[in-house]
Amino acid sequence: MSDMYTKHAHQYDAAIQNNIYNAMFERPSTIELLSHLKGADVLDMGCGSGVYANWILSQSVKKLTCVDASSDMINLVKNKFGPQVNAYVQNLNQGLPIEASSSADVIISPLVLHYVEDLVPLFSEVYRVLKPGGYMVFSTHHPFNDFSASPSSNYFRRELIEETWDTIGMPVKVKFYRRSLMEITEAISRSGLIISRITEGCADESIQTKCESTYRRLTSHPNFIFFRCEKLK
Ligand SMILES: C[S@@+](CC[C@H](N)C(=O)[O-])C[C@H]1O[C@@H](n2cnc3c(N)ncnc32)[C@H](O)[C@@H]1O
């Protein structure tokens, strides 16, 4: 896993509190797809430093479980929220073995799935863990954006890409999977989940005053993609 989420977990946490891509673009766009959190059992898959946990707890949920492959991130969440959150280390490539079947009303997974190689077993686990009538909301890299970084120029080939990002104010290498839109939607459909909404996010107008060129980019190019999927009753 990238040093960004282990060695630099504290810096990552600080960087995404008020930044453009997470705070002003990704989070409002994900939250827009969520509903009915009051009294819900919520699972945050790839919770990071708990920025979403903070918001979810403010929604009067019944129970919040946070999992992440990084023990540094899980320690941050435990330190911030203590017993209010059930947080533990879990590599999503191994599924959700600790979660009981039909136990979650809502599963969220913002900006995580591009780190998971095979989405088919993961969505099958999401389907198992969701209660009938429950739903999942996730965001990930937009396949049309990532295609510009494809070494093979074959849109339909899944590829591990390495890039250097400046998210925390210094260059850090990050590896993620680039894949087609169809690979995502087919993995969802094979699990039995029904896609009820797909959006491409909405850049908050306040981004314009912070950085005009980023605002122009986010309002003219695909960047992230957002899904809501339902487990029918
Ligand atoms: C971009 S961060 C997003 C964190 C959080 N969801 C948010 O939006 O603030 C990606 C997170 O995915 C976690 N992650 C990466 N690969 C993972 C895996 N295979 N299983 C579980 N978590 C993983 C990282 O440790 C990191 O915390």
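Going by what an unreviewed UniProt entry lists, the protein chain is known as Malonyl-[acyl-carrier protein] O-methyltransferase and is assigned to Vibrio aquimaris.

(A) Geometry of the layout of surface pockets. Approximately 1,200 Å³ is the volume attributed to the largest pocket. Lining the largest pocket are 47 residues, and of these Tyr5, Leu111, His114, Tyr115 and Trp165 sit closest to its centre. When residues of the lining of the largest pocket are traced back to their parent elements, those giving at least two are α2 (20-31), α3 (51-57), α6 (143-146), β6 (159-165) and β7 (172-178). With five residues, the top contributor of residues to the lining of the largest pocket is α2.

(B) View of the site of the ligand. Neighbouring residues of the ligand: 20 residues in total, closest Gly46, Asp68, Asn91, Leu92 and Pro110. In this structure, Asp68 approaches the ligand through a side-chain N or O atom, which is 2.6 Å from an oxygen atom. Between the ligand and Asn91 there is a distance of 2.9 Å, counted from a nitrogen atom to a side-chain nitrogen or oxygen. Expressed as a share of its isolated accessible area of 590 Å², the protein-covered part of the ligand is 97%. Counting atoms within 2 Å of the grid points, the majority share of the ligand lands in the largest pocket. Here the residues of the shell around the ligand sort into 13 nonpolar, six polar and one charged.

(C) Up close: the pattern of salt bridges. Per the stated rule, a full pass over the model turns up 13 salt bridges. Notably, a salt bridge pairs Arg228 with Glu230, separated by 2.7 Å at the nearest N-O pair. Arg228 gets classed as buried once you look at its relative accessible area, which sits at 14%. The exposure class assigned to Glu230 is buried, which follows from its relative accessible area of 17%. Shared partners join several salt bridges into a network, and the residues in it are Asp41, Lys62, Asp105 and Lys131.

(D) Spotlight on the side chain of Ser139. Along the chain, the position of Ser139 falls in strand β5 (residues 130-141). Judged by relative accessible area, Ser139 falls into the buried class, the value being 0%. At a separation of 2.6 Å, a polar atom in the side chain of Ser139 contacts the side chain of Glu26. Setting aside its immediate chain neighbours within four residues, Ser139 contacts Glu26, Thr30, Ser109, Pro110, Leu111, Val112, Ile225 and Phe226.

(E) Molecular detail of the pairing of strand β9 (residues 224-230). Of all seven residues making up β9, seven are buried, and the element is well covered by its neighbours. The side-chain alternation of β9 yields two buried faces, one formed by Phe224, Phe226, Arg228 and Glu230 and the other by Ile225, Phe227 and Cys229. Taken together, the seven bridges between β5 and β9 define a ladder with antiparallel strand orientation. Across the sheet, residue Tyr135 finds its bridge partner in β9, namely Glu230.

Definitions and limits used
Residues numbered from 1 in each chain as written. Predicted model: local features only at pLDDT ≥ 70, side-chain atom pairs only at ≥ 80, totals over all residues. Heavy atoms only, no water. 1 Å grid on protein atoms, 1.4 Å probe; cavity = no way out; pocket = protein on both sides within 12 Å on 5 of 7 lines; lining within 4 Å. Points joined across faces, edges and corners; volume = space filled by probe spheres on them. Helix = DSSP H or I, 4+ residues; strand = E, 2+ residues; numbered from the N terminus. Near = heavy atom within 4 Å. Polar contact = N/O pair within 3.5 Å; in protein donor to acceptor, adjacent residues only side chain to side chain. Areas by Shrake-Rupley, 256 points an atom, 1.4 Å probe, with all protein chains shown as cover. Sits in = over half its atoms within 2 Å of the grid points. Nonpolar A, V, L, I, M, F, W, Y, C, P; charged D, E, K, R; others polar. Salt bridge = Lys/Arg side-chain N within 4 Å of Asp/Glu carboxyl O. Buried < 20%, exposed > 50% of the residue type's maximum accessible area, 1.4 Å probe, protein only. Contact = heavy atoms within 4.5 Å. Pairing = 2+ DSSP bridges.

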